[in-house]
Amino acid sequence: SKAKLFDENTDVKTSFKDVAGLEGAKEEVQEIVDFLKTPEKYTSLGGKIPKGALLVGPPGTGKTLLAKAVAGEAKVPFFSLSGSDFVEMFVGVGASRVRDLFKQAKEKSPSIIFIDEIDAIGRARGKNAMSGSNDERENTLNQLLTEMDGFGTNTNVIVLAATNRADILDKALMRAGRFDRQIFVDLPDIVERKEIFEVHLRPIKKAEDLDIDFLARQTPGFSGADIANVCNEAALIAARKGKKAVNKQDFLDAVDRIIGGLEKKNKIIT
Ligand code: ATP
């Protein structure tokens, strides 16, 4: 049996209200939602609908979440794949798999294709000449460029891609008619952290002493993914102690645990 090339979700439930903060990025992708919902409005005036946008920012800041919310808001199918899985899993057949993906997305258009970690496919060509899989990766990248150039402006497939290393991408990807828009998705500031806590506290049984402003102050440098982890970890800590609600101390313990995990990760990198 064939390994799975991509996920297809035709009933995305994620919406902008699941994405906290990121007001600027949400405004920019709102335009893409409008293109997908009423393409005629734009094309009838001779405008060309963009084919791609690059979401750029550190890990865990909500790039995947935002891309999914675009599909959810526009009510269109969401085709997603990870650049690194792709390069590892499809040695020898990457280019033909890219063709399959675009074919399916076109058949179901309007639709979104989301490529996470596009840098795994889209690193500048000609570097790492020693690596054996390099030709393969270049073929895959070339096919991606061909597909993006090949579909007409009325195809109504928009390709979103995420990276935390826009600087290492092949410049050909950023040319007009490809990923010619960059949308920055940054780490949250204190106000945004508070909003992210509010989203992830929704399903949690909260004790009286919980103070969201305090939690936001205790978590500088945390990404949205880190905050989601804190909330889940706090609930698990409270449950382990047999509590009926999650309190401030459970959250502080969870924050400590997440900071411990982040420090360990940094040690491996340096
Ligand atoms: P990576 O670069 O590691 O793939 P990413 O930027 O795509 O990360 P997501 O996968 O979207 O990050 O985020 C992981 C999870 O963190 C989300 O599913 C969500 O639970 C939480 N999260 C991240 N950012 C936000 C946000 N702005 N609002 C609410 N939740 C968030």
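Described in the following lines is the structure provided in the data block. Residue positions are counted from 1 within each chain, in the order its sequence is given. Note on the predicted model: pLDDT of at least 70 is required for a residue's local features to be given, and 80 or more for side-chain atom pairs to be given and counted; whole-chain, interface and lining totals, by contrast, use all residues. Calculated side-chain values reflect all of the structure's heavy atoms, with hydrogen atoms and water omitted.

## Overview of the overall build of the chain
Phase 1 of the analysis: Scanning the chain from terminus to terminus reveals eleven helices and six strands.
Phase 2 of the analysis: For the radius of gyration, the atoms used are the C-alpha atoms, and the globule rule reads 2.2 Å times the number of residues raised to 0.38. For a compact globule of 270 residues, the expected C-alpha radius of gyration is about 18 Å, and the chain comes in at 21 Å, within 12% of that figure.
Phase 3 of the analysis: With respect to the principal axes defined by its C-alpha atoms, the chain has extents near 60 × 50 × 35 Å.
Phase 4 of the analysis: Whether a residue is buried, partly exposed or exposed follows from its accessible area with a 1.4 Å probe, protein chains only, as a fraction of its type maximum: under 20%, in between, or over 50%, in that order. Counting every position in the chain, which comprises 270 residues, the buried fraction comes to 48%.
Phase 5 of the analysis: Any two residues whose heavy atoms approach within 4.5 Å at even a single point are treated as in contact. Within the chain, contacts between residues at least 6 apart in sequence are counted, and of these 78% link residues at least 24 apart.
Phase 6 of the analysis: Here the chain displays about 13800 Å² of accessible surface, and carbon together with sulfur accounts for 51% of that area.
Phase 7 of the analysis: Taking the average place of the 41 positive charges on the side chains of the chain and the average place of its 41 negative ones, the gap between the two points comes to 3 Å. In DSSP terms, a helix is any run of H or I states spanning at least four residues, a strand is any run of E spanning at least two, and both are numbered starting from the N terminus. Computed with a 1.4 Å probe, the accessible areas rest on the Shrake-Rupley method; for each residue, only the protein chains presented here act as cover. For the purpose of charge, His is not counted, nor are the chain termini; Lys and Arg are scored as positive and Asp and Glu as negative. We put the charge of a Lys on NZ, of an Arg on CZ, of an Asp on CG and of a Glu on CD.

## Here we look at the site of the ligand
Phase 1 of the analysis: Here a residue is near a molecule or strand as soon as one of its heavy atoms is found within 4 Å of it. By nearness alone, 17 residues border the ligand, and Ala20, Gly60, Lys63, Thr64 and His200 come closest of all.
Phase 2 of the analysis: Counted as a polar contact is a pair of N or O atoms within 3.5 Å, where, for protein atoms, one must be capable of donating a hydrogen and the other of accepting one, and residues adjacent in sequence contribute only when both atoms are in side chains. One of the backbone N or O atoms of Thr61 is found 3.1 Å from an oxygen atom in the ligand.
Phase 3 of the analysis: Within the contact set of the ligand, an oxygen atom lies 2.9 Å away from a backbone nitrogen or oxygen of Leu65.
Phase 4 of the analysis: The fraction of the free accessible surface of the ligand (630 Å²) that becomes covered by protein chains is 77%.
Phase 5 of the analysis: For the shell around the ligand, the secondary structure elements donating two or more residues are helix 3 (63-74), helix 8 (190-201) and helix 10 (224-240).
Phase 6 of the analysis: Three categories are distinguished: nonpolar for Ala, Val, Leu, Ile, Met, Phe, Trp, Tyr, Cys and Pro, charged for Asp, Glu, Lys and Arg, and polar for the others, with Gly belonging to the last. When grouped by side-chain class, the residues that make up the shell around the ligand number eight nonpolar, six polar and three charged.

## Here's the deal with the side chain of Thr219
Phase 1 of the analysis: With respect to the helices and strands, Thr219 occurs in the loop between helix 9 (212-217) and helix 10.
Phase 2 of the analysis: Not counting the four nearest positions on each side in its chain, Thr219 is found in contact with Arg193, Phe197 and Val255.

## Re the side chain of Ser82
Phase 1 of the analysis: Relative to the helices and strands, Ser82 is located in strand 3 (residues 78-82).
Phase 2 of the analysis: The exposure class assigned to Ser82 is buried, which follows from its relative accessible area of 16%.
Phase 3 of the analysis: When neighbours within four sequence positions are excluded, Ser82 is seen to be in contact with Asp116 and Glu117.

## Brief notes about the nonpolar core
Phase 1 of the analysis: We call a set of buried Ala, Val, Leu, Ile, Met, Phe, Trp, Tyr and Cys residues a nonpolar core when their side-chain atoms join them within 4.5 Å. If you look at the biggest cluster of nonpolar residues, it comprises 29 residues, and the most contacted ones within it are Leu101, Phe102, Ile113, Ile115, Ile118 and Phe179.
Phase 2 of the analysis: Contributing elements (two or more residues each) for this core: strand 2 (52-56), strand 3, helix 4 (83-89), helix 5 (94-107), strand 4 (111-116), helix 6 (119-122), helix 7 (134-150) and strand 5 (157-163).
Phase 3 of the analysis: Setting aside its immediate chain neighbours within four residues, Ile118 contacts Leu54, Leu144, Ala161, Ala162, Thr163, Leu169 and Phe179.
Phase 4 of the analysis: Counting residues in each nonpolar core, the second largest holds 28 residues, with Ala53, Ala71, Ile183 and Val185 among its members.

## Quick notes on the packing of aromatic side chains
Phase 1 of the analysis: Pairing of aromatic side chains here covers Phe, Tyr and the six-membered ring of Trp, requires ring centres within 6.5 Å, and sorts the geometry by plane angle: under 30 degrees stacked, over 60 edge-to-face, intermediate tilted. Going through the model one piece at a time under the given rule, you end up with three aromatic pairs.
Phase 2 of the analysis: Ring centres of Phe35 and Tyr42 lie 4.5 Å apart, and the angle between their planes is 75°; this geometry places the pair in the edge-to-face category.
Phase 3 of the analysis: Here Tyr42 falls in the partly exposed class, since its relative accessible area comes to 22%.
Phase 4 of the analysis: Their ring planes at 20° and their centres at 5.9 Å tell us that Phe78 and Phe114 sit as a pair that is stacked. Of the two residues, Phe78 is situated in strand 3 and Phe114 in strand 4; the sequence distance between them amounts to 36 residues. The same class applies to Phe78 and to Phe114, which are both buried.
Phase 5 of the analysis: Just above the ring of Phe214 sits the side chain of Lys248; from NZ or CZ to the centre is 4.2 Å. By definition here, charges over rings are those cases where NZ of Lys or CZ of Arg is within 6 Å of the ring centre and within 35 degrees of the ring normal.

## Remarks on the sheet that holds strand 4
Phase 1 of the analysis: A sheet is described by the order of its strands in space; here six strands give the open sequence 1-3-4-5-2-6, paired in mixed fashion. Of all the strands in the sheet, the pair left with one neighbour each is strand 1 (7-9) and strand 6 (181-184). If you compare each strand with its neighbour and ignore which way they point, the axes differ by 20° on average.
Phase 2 of the analysis: Here, strands pair whenever DSSP counts at least two bridges between them. Where strand 4 and strand 5 come together, five bridges link them in parallel fashion. Axis geometry follows a simple rule: fit a line to the C-alpha atoms, using only the stretch in contact for helices, then measure angles between N-to-C directions, giving values from 0 to 180 degrees.

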